[in-house]
Amino acid sequence: MIKLSQGAEAILYKDNAAVIKERFSKAYRLQHLDDSLRKFRTRREAKVLTKLGEMDFPAPKMQSFSDKRMSIVMDFVPGETLKHVLKHGDEFHTFAKEIGQKVGILHKENIVHGDLTTSNMIVNKKNHQLTFIDFGLSSFSEKIEDKAVDLFLLDRALEGTHFEFYPEIFEDALKGYEETNPESKDIINRLEEVKKRGRNKKRD
Ligand SMILES: Nc1ncnc2c1ncn2[C@@H]1O[C@H](COP(=O)(O)OP(=O)(O)OP(=O)(O)O)[C@@H](O)[C@H]1O
Ligand SMILES: [Mg+2]
C-alpha cells in the first residue's frame, strides 16, 4: 500500500488498482460534531459515486465503504490531475470545454459537486476521459441557485489556479456547459447575480 495524498480532511492510499480514502478526525473540532461530519461526508461521497456509476459518468467506481472506519474504497484512476496537466501544457480549450460538458451532465442529474477545482479532476490516461473525483462536499439539488453557486466556485478556482488562461478558460467551460445542460440559460443568468452579490459583499 502506498500513500497517495494527505489532505486537510482525508488520507488516501493506493492498493493495487484500488484507492482507500479515509477521513481522519480533526483535533480542533468537537468530537461529536467531527464524527457526524465525517460520517455524513463519507456516506454522501459513497452515495454519489454509486449514482455516478449507474449513470456511466466518468468517476471512480465505488467498491465499498465503512461508516466505522470512515473510509471508501474505489477504483484507482490512472493519470495526472487536470491541474498538473494544465500547468505543464498550454492546450486548455479542449479541457475547459470538457469540464463544462461534464458539469452540465452532473447538474442535469441534480448533482452539485461542491468543490469544482482542477485538483478534483483526473485526465485518465487509459480512456482519455476527464474523470471527476472528491464528492465529499457534493449534494443532490434541483435548485438553479445551487447549480449557479457550483459554477461560481469553478470560476473562482480557475481564476485562482489557472490565471494564465483566465477568463477564456471559464468562457470555454460555459460553452461546454450549454451543450449538455438544457437549463443552462437560467443557471448562467443566475451565475451573473451570484457574482454581483459577491462583489457587493466585498464592499460591505
Ligand atoms: N480514485 C482515484 N484515483 C487516483 N487518484 C486519486 C483518486 N482519488 C483521489 N486521488 C488523488 O488523491 C488526491 C486527493 O483526493 P481527494 O480530492 O478525493 O481528497 P481531498 O481533497 O484530500 O479530500 P476532501 O476534499 O474530501 O477532504 C487527488 O487530488 C488525486 O490526486
Ligand atoms: Mg480534493
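Everything numeric in this text was worked out from a predicted model, so none of it was measured. (Residues numbered from 1 in each chain as written. Chains lettered and ligands numbered in written order. Predicted model: local features only at pLDDT ≥ 70, side-chain atom pairs only at ≥ 80, totals over all residues. Heavy atoms only, no water.)

(A) Representation of the sheet that holds strand 1 (residues 2-6) in the model. Here 5 strands make up an open sheet; going across it, the order is 1-2-3-5-4 and the pairing antiparallel. On the outer flanks of this sheet lie strand 1 and strand 4 (62-66), each paired with one strand and no other. Direction aside, neighbouring strands of the sheet carry axes that sit 20° apart on average. Sheet topology places strand 3 (residues 18-23) next to strand 5 (residues 71-75); 5 bridges connect them, and they run antiparallel. Across the sheet, the residue bridging to K21 is I72, located in strand 5. Running over the sheet, helix 1 (residues 31-55) touches strand 3, strand 4 and strand 5 and is turned about 160° from strand 4. (Pairing = 2+ DSSP bridges. Helix = DSSP H or I, 4+ residues; strand = E, 2+ residues; numbered from the N terminus. Axes fitted to C-alpha atoms, helices over the stretch in contact; angles between N-to-C directions. Contact = heavy atoms within 4.5 Å.)

(B) Geometry of the packing of helix 3 (residues 93-108) against helix 4 (residues 144-161). Direction vectors running N to C along helix 3 and helix 4 enclose 155°, while the axes themselves pass 11 Å from each other. As the angle between them shows, helix 3 and helix 4 are arranged roughly antiparallel. Crossing of helix 3 over helix 4 shows right-handed handedness. Mapping the contact onto sequence places I99, V103 and H107 in helix 3 and K147, D150, L151 and L154 in helix 4. For the contact of helix 3 with helix 4, the residue count by class is 4 nonpolar, 1 polar and 2 charged. (Parallel < 35°, antiparallel > 145°, perpendicular 65-115°, else oblique. Left-handed = near helix turned anticlockwise from the far one by under 90°. Nonpolar A, V, L, I, M, F, W, Y, C, P; charged D, E, K, R; others polar.)

(C) Examining the coordination of the magnesium ion (ligand 2) more closely. On the protein side, the magnesium ion (ligand 2) has N120 (OD1) and D134 (OD) as donor atoms, found 2.1 to 2.2 Å from it. In this pair, N120 is assigned in the loop between strand 7 (111-112) and strand 8 (121-124) and D134 in the loop between strand 9 (130-132) and strand 10 (139-140), connecting sequence segments 14 residues apart. Note on D134: relative accessible area 23%, which makes it partly exposed. (Donors = N, O, S within 2.8 Å, 3.2 Å for Na, K, Ca; no water. Buried < 20%, exposed > 50% of the residue type's maximum accessible area, 1.4 Å probe, protein only.)

(D) Quick look at the nonpolar core. Membership of the largest hydrophobic core comes to 41 residues, with the highest contact counts inside it found for L49, L52, L82, M121, F132 and F135. Looking at which domains feed residues into this core, each of domain 1 (2-75) and domain 2 (79-203) supplies at least three. What M121 contacts, discounting residues up to four positions off in sequence, is E80, T81, L82, I99, L116, L130, T131, F132, I133 and L154. (Core = buried A, V, L, I, M, F, W, Y, C linked by side-chain atoms within 4.5 Å. Domains from an automatic or database assignment.)

(E) Representation of the site of ligand 1 in the model. Neighbouring ligand 1 are 19 residues, the closest being E9, K21, D75, V77 and D134. In this structure, a nitrogen atom belonging to ligand 1 sits 2.9 Å away from a main-chain N or O atom of V77. Here ligand 1 loses 83% of its free accessible area of 620 Å² to cover by the protein chains. Comparing atom positions with the cavity grids shows ligand 1 to sit within the largest pocket. For the shell around ligand 1, the secondary-structure elements that each account for two or more residues are strand 1, strand 3 and strand 5. For the shell around ligand 1, the leading source of residues is strand 3, giving 3 residues. Residue composition of the shell around ligand 1, grouped by class: 9 nonpolar, 5 polar and 5 charged. Counting only domains with at least three residues in the shell around ligand 1, you end up with domain 1 (2-75) and domain 2 (79-203). (Near = heavy atom within 4 Å. Polar contact = N/O pair within 3.5 Å; in protein donor to acceptor, adjacent residues only side chain to side chain. Areas by Shrake-Rupley, 256 points an atom, 1.4 Å probe, with all protein chains shown as cover. 1 Å grid on protein atoms, 1.4 Å probe; cavity = no way out; pocket = protein on both sides within 12 Å on 5 of 7 lines; lining within 4 Å. Sits in = over half its atoms within 2 Å of the grid points.)

(F) Quick look at the sheet that holds strand 9. The strand order 6-8-9 describes an open sheet built from 3 strands, whose pairing is antiparallel. A single partner strand is all that each edge strand has here, and the edge strands are strand 6 (79-81) and strand 9. The mean angle between the axes of side-by-side strands here comes to 30°, regardless of whether they run parallel or antiparallel. By the bridge criterion, 3 bridges tie strand 8 to strand 9 in an arrangement that is antiparallel.

(G) Main features of the layout of surface pockets. Approximately 690 Å³ is the volume found for the largest pocket. In terms of lining residues, the largest pocket is bounded by 28 residues, among which S5, L12, N120, I133 and D134 are the most central. Classifying every residue of the lining of the largest pocket by side-chain character gives 12 nonpolar, 7 polar and 9 charged. In terms of domain composition, the lining of the largest pocket takes at least three residues from each of domain 1 (2-75) and domain 2 (79-203). Considered class by class, the residues forming the lining of the second largest pocket number 8 nonpolar, 5 polar and 4 charged. Taken together, domain 1 (2-75) and domain 2 (79-203) each give at least three residues to the lining of the second largest pocket, which thus spans both. (Points joined across faces, edges and corners; volume = space filled by probe spheres on them.)

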